[in-house]
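# Structural overview for review
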2 protein chains.
Amino acid sequence: MGRRRPDTPTLEEVAAHAGVGRGTVSRVVNNAAGVKDSTRQAVQRAIAELGYVPNLAARSLAGRGADAVALVMTEPDWRLFAEPFFSEIVRSLGDALADTGMQLLLTLVRSDAERRRFLEYARGGRVDGVLLMSVHAGDPLPDMLAEARLPTVLLGRRSGDEHVSYVDADNTGGARNAVSHLLGTGRRTIATITGPLDMYVAQCRLRGYREALAQAGLDAERSLIAEGDFTEESGRRAMARLIERHPDIDAVLAASDTTAAGALKALRGAGRRVPQDVAVIGFDDFPLAERTEPRLTTVRQPLAEIGRAMVRLLLEEMEEAAESSIAWRHVVLRTELVLRESA
Amino acid sequence: MGRRRPDTPTLEEVAAHAGVGRGTVSRVVNNAAGVKDSTRQAVQRAIAELGYVPNLAARSLAGRGADAVALVMTEPDWRLFAEPFFSEIVRSLGDALADTGMQLLLTLVRSDAERRRFLEYARGGRVDGVLLMSVHAGDPLPDMLAEARLPTVLLGRRSGDEHVSYVDADNTGGARNAVSHLLGTGRRTIATITGPLDMYVAQCRLRGYREALAQAGLDAERSLIAEGDFTEESGRRAMARLIERHPDIDAVLAASDTTAAGALKALRGAGRRVPQDVAVIGFDDFPLAERTEPRLTTVRQPLAEIGRAMVRLLLEEMEEAAESSIAWRHVVLRTELVLRESA
DNA sequence: TTGAAAGCGCTAACAA
DNA sequence: TTGTTAGCGCTTTCAA
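Criteria and cut-off values
- Residues numbered from 1 in each chain as written.
- Chains lettered and ligands numbered in written order.
- Predicted model: local features only at pLDDT ≥ 70, side-chain atom pairs only at ≥ 80, totals over all residues.
- Heavy atoms only, no water.
- Helix = DSSP H or I, 4+ residues; strand = E, 2+ residues; numbered from the N terminus.
- Rg over C-alpha atoms; globule rule 2.2 N^0.38 Å.
- Buried < 20%, exposed > 50% of the residue type's maximum accessible area, 1.4 Å probe, protein only.
- Contact = heavy atoms within 4.5 Å.
- Areas by Shrake-Rupley, 256 points an atom, 1.4 Å probe, with all protein chains shown as cover.
- Lys, Arg positive; Asp, Glu negative; His and termini not counted.
- Charge placed at Lys NZ, Arg CZ, Asp CG, Glu CD.
- Near = heavy atom within 4 Å.
- Polar contact = N/O pair within 3.5 Å; in protein donor to acceptor, adjacent residues only side chain to side chain.
- Nonpolar A, V, L, I, M, F, W, Y, C, P; charged D, E, K, R; others polar.
- Buried area = accessible area lost by both parts, 1.4 Å probe.
- Salt bridge = Lys/Arg side-chain N within 4 Å of Asp/Glu carboxyl O.
- Least-squares fit on C-alpha atoms with pLDDT ≥ 70 in both.
- Pairing = 2+ DSSP bridges.
- Axes fitted to C-alpha atoms, helices over the stretch in contact; angles between N-to-C directions.
- Parallel < 35°, antiparallel > 145°, perpendicular 65-115°, else oblique.
- Left-handed = near helix turned anticlockwise from the far one by under 90°.
- Domains from an automatic or database assignment.
- Phe/Tyr/Trp six-rings, centres within 6.5 Å; stacked < 30°, edge-to-face > 60°.
- Lys NZ or Arg CZ within 6 Å of the ring centre and 35° of its normal.

On to the overall build of chain A. Each helix and strand counted, chain A has 12 helices and 12 strands in total. Since a compact globule built from 343 residues should have a radius of gyration of about 20 Å, the 26 Å found for chain A marks it as more spread out than a globular shape. Structurally, chain A occupies a C-alpha span of about 85 × 35 × 35 Å along its principal axes. Out of the 343 residues belonging to chain A, those deemed buried represent 57%. For chain A, long-range pairs separated by at least 24 residues make up 69% of all intrachain contacts whose partners lie at least 6 apart in sequence. In the form shown here, chain A has an accessible surface area of approximately 14,400 Å², with 48% of it arising from carbon and sulfur atoms. Each charge sign in chain A was given a centre, from 44 positive and 48 negative side chains, and these centres are 3 Å apart.

Looking at DNA strand C, there are 30 residues lining it, with L11(A), R22(A), Y52(A), T24(B) and T39(B) nearest. Of what DNA strand C places within 4 Å of the protein, 67% of the atoms are sugar or phosphate. Within the backbone of L11(A), an N or O atom sits 2.3 Å from a phosphate oxygen of DNA strand C. In the environment of DNA strand C, a phosphate oxygen lies 3.3 Å from a nitrogen or oxygen atom belonging to the backbone of N55(A). Of all the elements in the fold, those that place two or more residues in the surface near DNA strand C are helix 2 (22-29) and helix 4 (56-64) of chain A together with helix 2 (22-29) and helix 4 (56-64) of chain B. Of the residues in the surface near DNA strand C, the class split is 11 nonpolar, 11 polar and eight charged.

Right, let's talk about the interface of chain A and chain B for a bit. Counting residues at the interface gives 59 residues for chain A, matched by 59 residues for chain B. For the pairing of chain A and chain B, the buried interface totals around 5,300 Å² over both sides, and the portion due to carbon and sulfur atoms is 54%. Looking only at chain A, the three residues that lose the most surface to chain B are Q103(A), R117(A) and R126(A), adding up to 13% of its buried area. The interface formed by chain A and chain B contains two salt bridges. In this structure, the salt-bridge partner of R110(B) is D95(A), at a minimum N-O distance of 3.2 Å.

Moving on, we come to the relation of the copies chain A and chain B. If you rotate chain A by 180° and push it 0.0 Å along the axis, it lands on chain B with an RMSD of 0.1 Å. Interpreted geometrically, this transformation is the action of a two-fold axis. The residues that chain A uses at the interface reappear at the interface of chain B in 100% of cases, marking a shared surface.

Let us look at the sheet that holds strand 6 (residues 190-194) of chain B. Each strand in a sheet pairs with another by means of backbone hydrogen bonds, the pair being arranged parallel or else antiparallel. All names here are of chain B. Overall, mixed pairing links the six strands, which are arranged 7-6-8-9-10-12 in an open sheet. Lying at the two open borders of the sheet, with one neighbouring strand each, are strand 7 (225-227) and strand 12 (336-338). Going from strand to strand, the sheet's axes swing by 20° on average, the running direction of each strand aside. Note that strand 6 and strand 7 share three bridges and pair parallel. Of the residues in strand 7, the one forming a bridge with T192 is I225. Sitting on the sheet, helix 9 (residues 200-215) touches strand 6, strand 7, strand 8 (251-254) and strand 9 (279-283), and the angle it makes with strand 6 is about 170°. Along the sheet, helix 11 (residues 257-269) contacts strand 6, strand 8, strand 9 and strand 10 (297-300); its crossing angle with strand 9, the most-contacted strand, is approximately 155°.

A word on the protein's contact with DNA strand D. Around DNA strand D, 31 residues are found, and the nearest of them are T24(A), T39(A), L11(B), R22(B) and Y52(B). The contact atoms of DNA strand D, taken as those within 4 Å of the protein, divide so that sugar and phosphate hold 60%. Between DNA strand D and T24(A) there is a distance of 2.5 Å, counted from a phosphate oxygen to a side-chain nitrogen or oxygen. The contact in question runs from a phosphate oxygen of DNA strand D to an N or O atom on the side chain of R59(B), over 2.9 Å. The class makeup of the residues in the surface near DNA strand D is 11 nonpolar, 12 polar and eight charged.

A few words on the sheet that holds strand 8 (residues 251-254) of chain A. Residues and elements named next belong to chain A. Read from one edge of the open sheet, six strands run 7-6-8-9-10-12, paired in mixed fashion. The open sheet terminates on both sides in strands that have one partner only, identified here as strand 7 (225-227) and strand 12 (336-338). Here the average twist between neighbouring strands, direction ignored, is 20°. Sheet topology places strand 6 (residues 190-194) next to strand 8; four bridges connect them, and they run parallel. Directly across from I190, in strand 8, lies its bridge partner A251.

To continue, consider the packing of helix 10 (residues 232-245) of chain B against helix 11 of chain B. The relative placement of two packed helices is expressed as an angle between their axes plus a distance between the axes. Residues and elements named next belong to chain B. Close contact between helix 10 and helix 11 brings their axes to 7 Å; oriented N to C, the two are set at 45°. Overall, the two elements helix 10 and helix 11 adopt an arrangement that is oblique. Where helix 10 crosses over helix 11, the handedness of that crossing is right-handed. Of helix 11, the residues touching helix 10 (which contributes E232, G235, R236, M239, A240 and I243) are T258, T259, A261, G262, A263, K265, A266 and L267. Partitioned by chemical class, the residues of the contact of helix 10 with helix 11 number seven nonpolar, four polar and three charged.

Attention now moves to the domain arrangement of chain A. Here the domain parsing of chain A yields domain 1 (11-62), domain 2 (68-169 + 304-334) and domain 3 (171-300). For domain 1 of chain A versus domain 2 of chain A, the distance between C-alpha centres works out to 34 Å.

Evaluation of the coordinates by the stated rule reveals 40 salt bridges over all chains. Look at the salt bridges and you will find they share partners, linking D285(A), R300(A), E336(A) and R340(A) into a network.

To describe a pair of aromatic rings, you give the distance between the ring centres and the angle between the ring planes. Residue and element names in this part refer to chain A. One pass over the full model with this rule turns up two aromatic pairs over all chains. Plain terms: the ring middles of F85 and F86 are 6.4 Å apart, the flat faces sit at 50° to each other, and that makes the pair tilted. Here the guanidinium or amino end of R205 rests over the ring plane of F283, the centre of that ring lying 3.8 Å away.

The structure is reproduced here in structure tokens:
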């Protein structure tokens, strides 16, 4: 037998108080049409007087869905949580969800235990859909969610033939454009600091780098490529290594703004002038990146669009889920090279 | 009439499949005692074969609570979300909640609309308790939650006589110790860059600064105090102002590590040597703060303890809520001055 | 040790 | 336009 929360009036009590039936109160609460104005007002008065709040569990159980979506961060490397990219994406998704009336719930999945817990939570019907970010190549969570027939949209892909719905930026194209630009300004010894190479996004950016060089008839020397992990510290270390191996470096493509900031530090520490001496281009373009001096030339990802696209895809899937047909959708958004005056 | 999610077997179907009653399956699912071993195994087999997952809405409705707690960020200034302090607190709370079996749900409350939405969500019974961080002085949310008799714990206080449960660090003491230390090493012209003064935490740190000076018979000159907002950029600007007004500054207490990092930049930009020339002390002490050079001397907050304490308080309140008596609890944790060799 | 049955509070179909 | 009613899937007595 269920135990009631104390002090919480039910629909039934409101109905009694207003002298109407439960159905009518339900209609008023849900703003359904077909209620006489006077009745509606009487019900609303009763609701106010009793301090009625609908029980969401009962509502879900009766078939109305959870009215919430989860945004899952599966990021074992915890430092990345503090990156501006994360907060900007969260903001963007929050904005995109604002007028759907759904709650956005961020959850962290750092271990298998947490993965199981979240899966139970999601499959238990507490959310209507799941947004996933920072997905690494081998992560099984998207498939588990898909198997449970939960509407799911990834930010980025796990690989070139991702099947689960995703929204991604054109990382390859962005990197290619950036390096082409560098070549166009006469730079020749161009290095790159990659992201973690178990992430497709990092592989794409590296591929773009390679393609631009190939297009110019140049080879991407192994020793000009240093792997980082998107953090500033990794950028600094990678840059230090690169300078040592190639004192003649005159340009660098970094896998993120943060990495680029680290690279700048290492360059300055080594007495190199930036950007006259060495041009540095980062990926992403945040207002927050003001901390880098000089301001970076960057490949900008359309973050607001990414958020909107993810939410759009998710809503479409949710609608389909009601009829239990599913179709994956894939969106790749253009990036844009943003040149700073000093570079 | 409620509409079922497709493909989701119910308790009843599991019971039929295993040839037992619903009650027995429920007992097995919830690991309750009093089930014969052979029966338990038969049920578990049925569960596995059918891929049964309990419907959490039904479970909540039947009185078992939501098994989730919300962590709410009410931070209008979005940039702060990217601060290490946030991510570290989230990590700490995640760890503290790990073995309670509850889901941690982060939610953002940036506007009144979002405040209302969240309140409906929480009062609707989707969470068993609420943790609040970054609460500004006038924020009504804690009172609204308290009124709804939802177990609630704040990180920090809104004012000196906060009544809602909270866990806070000894900010006044920490700042006092820091400034006393500076005085002890012979510094005399000591400035401070505060946090946003509509937050009690910032007021406390300023008070500690004042107290230490007073103790030494010195006056806290108005012109030695510059207000910031915990961001790096504000630290840089504040420091620039301070140097202009007081070229003889030889020490600074900053309201956060991030602010201190900004101050360092301004100082270096002005050609001052740090820390020999000017000693800078920040609040908070993150591994992430490696980006500051030289490493800062800091007042360390016991983040892991804060998370544990918040969860402990919340669990206590949740237990009480079941018997509908309430008592607020207040915990203030010690801070620690961490000296770096170079300072 | 187990099964049966009474709710938990709501939505939506159906009658009136 | 409104009231009545049959579930939604689970937990938890109460009997057996």
